[in-house]
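Architecture at a glance
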Amino acid sequence: MAWDEFLRFLRGPMFYAAILFFLGGMFFRLARVTFLGWQRDRVPSKGSKIGGVFITYLKGILILPFIPWVRMTFNKNALTYIAGGFFHLSLFAIIFFGAPHMLVWKSILGFGWPTLPAPYIDWFAAIGIVSLIALLINRLVHPVLKKITRTADWFNWTIVFLPFVTGYVMSRHLWFEYQVAFSLHMIAVDLLLIWIPLSRISHFMLYFFSRTIHGAQFGKRAVTP
Amino acid sequence: MAEKTIYEHLKDEGVSRREFMKFCGLLAGLMGVEFSPPVKALAAVKAPDPAQAVATALKSKPKLPIIWLELQDCAGCTEAISRSWSPSLVNLVLNKIALDYQETLMAAAGFQAEEAKKQTMKKYHGKYVLVVEGSPTIGEDGIYCTIGGRSNMELLKEAAEGAAAIIATGNCAAFGGIPKANPNPTMAKGVWEVITDKPVLNIPGCPAIPEVTTGTIVYFLVMGKLPQMDSLNRPMTFYGHTIHDHCLRRPFYDAGKFADSFDDDGALAGHCLYKLGCKGPTTYNACSSLKWYQGLSFPVQSNHPCLACSEPNFWDGGGFYQGQSAPLNRPDVAAFGIAAGAGAALGLAMAGANAVNKKRAEHKSKSEE
């Protein structure tokens, strides 16, 4: 099969199937986790639940990442913290502010937004790739991490790493014909979309869910139900 | 009396030797003769002169007859040829060297034209070049395209049988083009899909670049064989690079400077048209290097994104103004709702089953106590 045909399949029916599986899978995870031990809150609040949610996001996203030394996570695992932070920052920048990705959002949502110049995105991609490699090496040599790493974790790493590398190769026009590089990137992206609901990468959504719940509980200033 | 050579034909038409050598040089450059295996082999012995190689061939070889069939087409490729570098290059090649049967351009019509074609096919059996413009259609035994009461498939097979080489010019002939667009009611196909016993060289484009068609015909004339082809049977000389590779807006792409609409500052400054749907990065053609109308311009230079008109299925390859990275199929609200609903229902069912199991286990442990 010609690469052109293959690319059309990956951008067309395969992407369609992957995105529907991703949506269905994430709603499945959300419904399951929501009703897992769901109980009515019969204890009156002493504080503000919404305030608690607000504070947890303010601290967790806008303040603490910039003064990491106050946290034990940073002091005990500086590499994980820094490389993980840079990885997430680069991922966010590439997905939302890379021109080709914005065009994907635009085609789905119906509206677009300004994007960053391509060289900036290239740098973010390079930072993301280096961070992921650092995290992999850390996982390979760290005595505790080695013991708790399972097959699924290696798979998670690979599935996240591939879109970064194939995307970089494609945007820099390295080694392959553009259609081949584009196809490889689409394979990686379609795989990622399918794998996310089945794996711990679903934390991209469940993180916000659990942070909201915990923030509300802290803000409530009373016993939990 | 021996058959006149091409050079003798041209001399009779009033072409001077100086003009002839310029013409040979131009053709040699256009075809990339310098890089063809025979000339490369010659280079090992002595310094090659590509223009001389072309001139020698044209001086020694007889006129090459061409039969040009039009099937499901708009005659756009013919129109492009008739408006190209005329009267210098294409005109010389097609009108004075070669073209024997071309329905749009020939003066003869009806039975007279068909008779001329039949005579050419008979006289030059096994020697003529068949150029096809427009897509063959196999639906209902080819009844959707008939000429002189005969189906297109019948005409194509008849002409292909005695051809020394077959060239499919334009996207319709090469890959089915617009007639093949979904839902393709006539079952249009590319020529190479229906003629499988002979190599078919594809020159896709909508229309095909006239100099590419001409250059390929002359290559066959000079070298006696079709040029090196890629996996889609396109001549490597002209389809070896993408539009993006040689695009004059490429530096803006590399610098991340894009036009966001057709009338913004970016568009006025000549920035890259990628965000406006340009398909240049995946489109193989010579537009950005050869350009059109004596090198005057090409679509991207004229502020319009590349439509990928030389690629297979270009009519169904996503919106022309939709970014190339955008998915070809995207879920609508209904599909989104069904997927989300199914996922949520399954999650709820599993949570319910878990709750029931939990209660049962609690009940069991209590009763055991």
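Residues numbered from 1 in each chain as written. Chains lettered and ligands numbered in written order. Predicted model: local features only at pLDDT ≥ 70, side-chain atom pairs only at ≥ 80, totals over all residues. Heavy atoms only, no water.

As a further point, take the overall build of chain B. Along chain B, the regular secondary structure elements total 16 helices and seven strands. The buried share among the 369 residues of chain B stands at 51%. (Helix = DSSP H or I, 4+ residues; strand = E, 2+ residues; numbered from the N terminus. Buried < 20%, exposed > 50% of the residue type's maximum accessible area, 1.4 Å probe, protein only.)

Glancing now at a nonpolar patch on the surface. All names here are of chain A. Taken together, the side chains of F54, I55, L58, I61, L62, I63, I67, W69, V70 and F208 present a nonpolar region at the surface, about 950 Å² in accessible area. Ranked by residues supplied to the nonpolar patch, first place goes to helix 2 (residues 49-63) with six residues. Within the element layout of this structure, W69 appears in the loop between helix 2 and helix 3 (72-76). (Patch = residues over 30% accessible without salt bridge, like charges linked within 9 Å, V, L, I, M, F, W, Y side chains within 5 Å. Areas by Shrake-Rupley, 256 points an atom, 1.4 Å probe, with all protein chains shown as cover. Salt bridge = Lys/Arg side-chain N within 4 Å of Asp/Glu carboxyl O.)

Residues and elements named next belong to chain B. If you walk through the whole model with that rule in mind, you get eight salt bridges over all chains. Residues E154 and R150 are paired through a salt bridge, measuring 3.2 Å at the closest nitrogen-oxygen approach. Overall, the relative accessible area of 24% leaves R150 in the partly exposed class. When the shortest N-O distance is used, the salt bridge between E311 and R234 registers 3.2 Å. Placement of E311 in the loop between helix 15 (287-290) and helix 16 (333-368) and of R234 in the loop between helix 11 (210-223) and helix 12 (236-239) is noted, with a sequence separation of 77 residues between them. By relative accessible area, which is 4% here, R234 ends up buried. Connected through shared salt-bridge partners, R150, E154 and E158 make up one network.

Next up on the list: the interface of chain A and chain B. It is common to give the size of an interface as the accessible area lost on bringing the parts into contact. At the interface, 36 residues of chain A touch 40 residues of chain B. Approximately 3,400 Å² of surface area, both sides summed, lies buried where chain A meets chain B, with 64% of it carried by carbon and sulfur atoms. At the boundary of chain A with chain B, the tally comes to zero salt bridges. Along the contact surface separating chain A from chain B lie eight residue pairs in polar contact (both at pLDDT 80 or more). (Contact = heavy atoms within 4.5 Å. Buried area = accessible area lost by both parts, 1.4 Å probe. Polar contact = N/O pair within 3.5 Å; in protein donor to acceptor, adjacent residues only side chain to side chain.)

Take unusual backbone geometry next. Residues and elements named next belong to chain B. A cis amide bond, omega 10 degrees, links N182 with the succeeding residue P183. Its identity is not glycine, yet N184 carries a phi of approximately 50 degrees, on the positive side. The residue N184 is located in the loop between helix 9 (171-175) and helix 10 (191-194) in this model. Even without being a glycine, N313 presents a positive backbone phi close to 55 degrees. Its place among the elements puts N313 in the loop between helix 15 and helix 16.

Turning our eyes to something else, we now look at the nonpolar core. Of all hydrophobic cores here, the largest spans 52 residues; its most connected members are F20, L58, I167 and V300 of chain B. Tallying contributions element by element places helix 11 of chain B first for this core, with eight residues. Sequence-distant contacts of L58 of chain B, defined by excluding residues within four places in its chain, comprise T5, I6, Y7, F20, F23, C24 and L221 of chain B. Membership of the second largest hydrophobic core comes to 42 residues, among which are L20, F87, A125 and L132 of chain A. (Core = buried A, V, L, I, M, F, W, Y, C linked by side-chain atoms within 4.5 Å.)

Turning to helix 16 of chain B, a few remarks are in order. With 36 residues, helix 16 of chain B should reach 52 Å at 1.5 Å per residue; the first-to-last C-alpha distance of 52 Å fits that figure. Among all positions of helix 16 of chain B, only A335, A339, A340, G343, G347 and A351 of chain B are buried. (Expected span 1.5 Å × (residues − 1).)

All names here are of chain B. Within strand 6 (residues 165-169), five of the five residues are buried, which leaves it mostly tucked inside the rest of the structure. Where strand 3 (residues 129-133) lies against strand 6, five bridges are found, and the strand directions are parallel. By the bridge assignment, V131 is partnered in strand 6 with I167. As judged from the four bridges shared by strand 6 and strand 7 (residues 200-203), these two strands associate in the parallel manner. (Pairing = 2+ DSSP bridges.)

This next bit is on the environment of V104 of chain A. With respect to the secondary-structure elements, V104 of chain A resides in helix 5 (residues 99-109). Excluding residues within four positions of it along the chain, V104 of chain A makes contact with F15 of chain A together with S325, A326 and P327 of chain B.

Taken as a whole and assessed by the stated rule, the structure comprises 20 aromatic pairs over all chains. Here the aromatic residues F92, F96, F97 and W105 of chain A are joined through ring pairs into a cluster of three or more. (Phe/Tyr/Trp six-rings, centres within 6.5 Å; stacked < 30°, edge-to-face > 60°.)

Here we come to the confidence of the model for chain B. Per-residue confidence for chain B gives a mean pLDDT of 81, with 88% of residues at or over 70. Across the whole predicted complex the pTM is 0.78, and at the interface the ipTM reaches 0.72. (pLDDT = per-residue confidence, 0-100.)

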